[in-house]
Amino acid sequence: MRVAGTHVLLTGATGDIGRRLATHLSDAAARLTLVARSTQPLEALAADLGAHAVSADLTDRDTLRSLIRDVEQAHGPVDVLVNNAGTETVGHLTDLTADDLEHLLALNLLAPVELCRQVLPGMTARGRGHLVNISSLAGVATFPGLATYGATKAGLTHFTSGLRADLRGGPIGTLAVEIGPVSSQMMSRIASHPPTAAAFDRVLGLRALTMLDPDAVARAVVAAVEDDQATLRMPRRAAPLATLAHAPRSVVRLALTGIR
Ligand SMILES: NC(=O)c1ccc[n+]([C@@H]2O[C@H](COP(=O)([O-])OP(=O)(O)OC[C@H]3O[C@@H](n4cnc5c(N)ncnc54)[C@H](OP(=O)(O)O)[C@@H]3O)[C@@H](O)[C@H]2O)c1
């Protein structure tokens, strides 16, 4: 889908990747509505880009349930939804509280699925739309200390694949973004857990993965939307591994539906 002139709703806009996404989408002439909890950095970014700022906690049930209606009433129909907001848990399962788990699942899995559910009827009625879900290679490979985070990202990737099959032949596009480690505050927090840091040091040392630049990720996401790509996997050297991991799903989908 051509991004120019579309109204893009971007969640997690104030984060390391979100800021770059906002900038590249704005450079591509999209009209932006930016979502995060914090008001000051969000409003400053929105002012810089001539965007709308919507301060919202996506883990708050009532806020989430009315978000698309509220945004569309205030700023018009959403053409592109970019589910980028996310958080991480790192460490052993027993180090996490019940609240940590609930928060992780609410933000990383429930919120993007629910926002897709809310935005789809309007997109379908208007005959155009694009759904972008920012997932992770941690949903493909299991890294020490990232079992719960990886599970949410595996769920988001699987959901996006299933949704794409359900929307096949219609006007709504989907993009699943599976990215490896990005130079970011989230990555620094993840690396505070020694077993996780050691695993990343190993794969980076073997050059099986590279540390991604958030700006390059954002630029690639915008290009992938414009090219109607189904998936974006970065770094490219990890793409064969992800393709192999997804092979059973692809084979079963082909057998069940004829969809490649
Ligand atoms: N960084 C990496 O290495 C990496 C690798 C693969 C995938 N990813 C994925 O890429 C996405 C962006 O990551 P990032 O590194 O940019 O993360 P980040 O810097 O931690 O940014 C997270 C964004 O989400 C917002 N957010 C957090 N909790 C929220 C809530 N409850 N409600 C609404 N917004 C909330 C934050 O703003 P507020 O705090 O103001 O709400 C911020 O804008 C995430 O989905 C992440 O899982 C990241």
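Criteria and thresholds
Residues numbered from 1 in each chain as written. Predicted model: local features only at pLDDT ≥ 70, side-chain atom pairs only at ≥ 80, totals over all residues. Heavy atoms only, no water. Helix = DSSP H or I, 4+ residues; strand = E, 2+ residues; numbered from the N terminus. Buried < 20%, exposed > 50% of the residue type's maximum accessible area, 1.4 Å probe, protein only. Near = heavy atom within 4 Å. Polar contact = N/O pair within 3.5 Å; in protein donor to acceptor, adjacent residues only side chain to side chain. Areas by Shrake-Rupley, 256 points an atom, 1.4 Å probe, with all protein chains shown as cover. Nonpolar A, V, L, I, M, F, W, Y, C, P; charged D, E, K, R; others polar.

Enquirer: How would you summarise unusual backbone geometry if you had to cite specific residues and measurements?
Expert: Here the amide bond leading from Met234 into Pro235 is cis, since omega sits at -5°, within 30 degrees of zero. Position of Pro235 relative to the elements: it lies in the loop between strand S7 (231-234) and helix H10 (239-257). Its identity as a non-glycine residue notwithstanding, Ala29 has a phi of 75°, on the positive side. Locating Ala29 in the fold gives a position in the loop between helix H1 (16-27) and strand S2 (31-36). Relative accessible area serves as the criterion here: at 44%, Ala29 is assigned to the partly exposed category. Located in the positive-phi region is Asp228, a residue other than glycine, with phi close to 55°. The residue Asp228 is located in the loop between helix H9 (214-226) and S7 in this model.

Enquirer: I'd like to hear about the site of the ligand, residue by residue, with values.
Expert: Around the ligand there are 30 residues in total, and Thr14, Arg37, Ser38, Tyr149 and Ser184 lie nearest to it. Within the backbone of Val182, one N or O atom sits 2.9 Å away from an oxygen atom of the ligand. Relative to its unbound accessible surface of 890 Å², the ligand loses 92% to contact with the protein. Among the secondary structure elements, those contributing two or more residues to the shell around the ligand are H1, strand S5 (129-136), helix H6 (147-166) and helix H7 (185-190). Considering only residue class, the shell around the ligand consists of 14 nonpolar, eleven polar and five charged.

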